[in-house]
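# Topology and contacts: notes
In case you want the letters, here they are:
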Amino acid sequence: DVKVTQSSRYLVKRTGEKVFLECVQDMDHENMFWYRQDPGLGLRLIYFSYDVKMKEKGDIPEGYSVSREKKERFSLILESASTNQTSMYLCASSLPPASSFNTQYFGPGTRLTVL
Amino acid sequence: QKEVEQNSGPLSVPEGAIASLNCTYSDRGSQSFFWYRQYSGKSPELIMSIYSNGDKEDGRFTAQLNKASQYVSLLIRDSQPSDSATYLCAAFGAGGTSYGKLTFGQGTILTVHP
């Protein structure tokens, strides 16, 4: 079974803090993704990575950065948290795009509240 | 911006009925499509994937794909209260800036009442 884990289920931070969200997958997947999910807006892609040290902007990268130093780990960084970054953050992983089986598998999510 | 549209909900069906969830997509080059189920407060879990035109059945679930009409659907037979969840349709990007990414629809909330 694919397993994607995220460092925290719930997180409360203050405005201006630097926030790290960690994601680890155990299936040796090349691709990893960070989404945020908000009511009425659906799932929106923040950043993704095809390989170690590679990163690509998604649809809403502003205010975020990422780090992928090891294949199994993909970190999302909020440089200076703001209240509009209060959301559910979901990490996912998958095989490369060229694979026919490019299903994305999601972690349990981190519900971040910024006060 | 490639889009995936799902029929507006919420959808309410009685226990034992067939629930029909629909989805259209704008990227004509998309080849892979996915249905995820998401319970309240939980992350999406994959329930069906489909790559070829026609029907694909898995237990009580049937996914249907019509690439000419750019249409994907999910049928849930013998609906159970445990099927009550939000169902997300997703299309895999075929090329350009969409390549390698999933585009999700807004989701349809399904409620199965006893």
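So, here's what we can say about the structure.

What follows concerns the nonpolar core. W35, V72, L74, I76 and Y87 of chain B are the most contacted members of the largest nonpolar core, which has 23 residues in total. Looking at this core, the elements that each hand over two or more residues are β3 (19-25), β4 (33-38), β5 (45-50), β7 (61-66), β8 (71-76), β9 (85-92) and β11 (108-113) of chain B. Counting 20 residues, the second largest nonpolar core, distinct from the first, contains C23, M32, I46 and V66 of chain A.

So, about the environment of Y64 of chain A. Residues and elements named next belong to chain A. Tracing the backbone shows Y64 in strand β7 (residues 64-70). Here the alpha-carbon distance between Y64 and L76, two residues twelve residues apart in the chain, equals 6.9 Å. Those residues within four positions of Y64 in sequence are excluded, and the remaining contacts are R36, I46, Y47, L76, I77, L78, Q85 and Y89. A polar atom in the side chain of Y64 sits 2.9 Å from the side chain of R36.

Another point: the sheet that holds strand β3 (residues 19-25) of chain A. Residues and elements named next belong to chain A. What the four strands build is an open sheet, ordered β1-β3-β8-β7; its pairing is antiparallel. Edge positions in the sheet fall to β1 (4-6) and β7, since each of these pairs with one other strand and no more. When strand polarity is set aside, the average angle formed by the axes of neighbouring strands in this sheet is 20°. Bridging between β1 and β3 involves three bridges; their strand directions are antiparallel.

Attention shifts here to the interface of chain B and chain A. Between chain B and chain A, the contact holds 18 residues from the first and 24 residues from the second. At the boundary of chain B and chain A, one finds zero salt bridges. At the boundary of chain B with chain A, the tally comes to four residue pairs in polar contact (both at pLDDT 80 or more). Per element, the largest residue contribution to the side of chain B that touches chain A is three residues, and it comes from β4 of chain B. Partitioned by chemical class, the residues of the side of chain B that touches chain A number ten nonpolar, seven polar and one charged.

Parameters at a glance
Residues numbered from 1 in each chain as written. Chains lettered and ligands numbered in written order. Predicted model: local features only at pLDDT ≥ 70, side-chain atom pairs only at ≥ 80, totals over all residues. Heavy atoms only, no water. Core = buried A, V, L, I, M, F, W, Y, C linked by side-chain atoms within 4.5 Å. Buried < 20%, exposed > 50% of the residue type's maximum accessible area, 1.4 Å probe, protein only. Helix = DSSP H or I, 4+ residues; strand = E, 2+ residues; numbered from the N terminus. Contact = heavy atoms within 4.5 Å. Polar contact = N/O pair within 3.5 Å; in protein donor to acceptor, adjacent residues only side chain to side chain. Pairing = 2+ DSSP bridges. Axes fitted to C-alpha atoms, helices over the stretch in contact; angles between N-to-C directions. Salt bridge = Lys/Arg side-chain N within 4 Å of Asp/Glu carboxyl O. Nonpolar A, V, L, I, M, F, W, Y, C, P; charged D, E, K, R; others polar.

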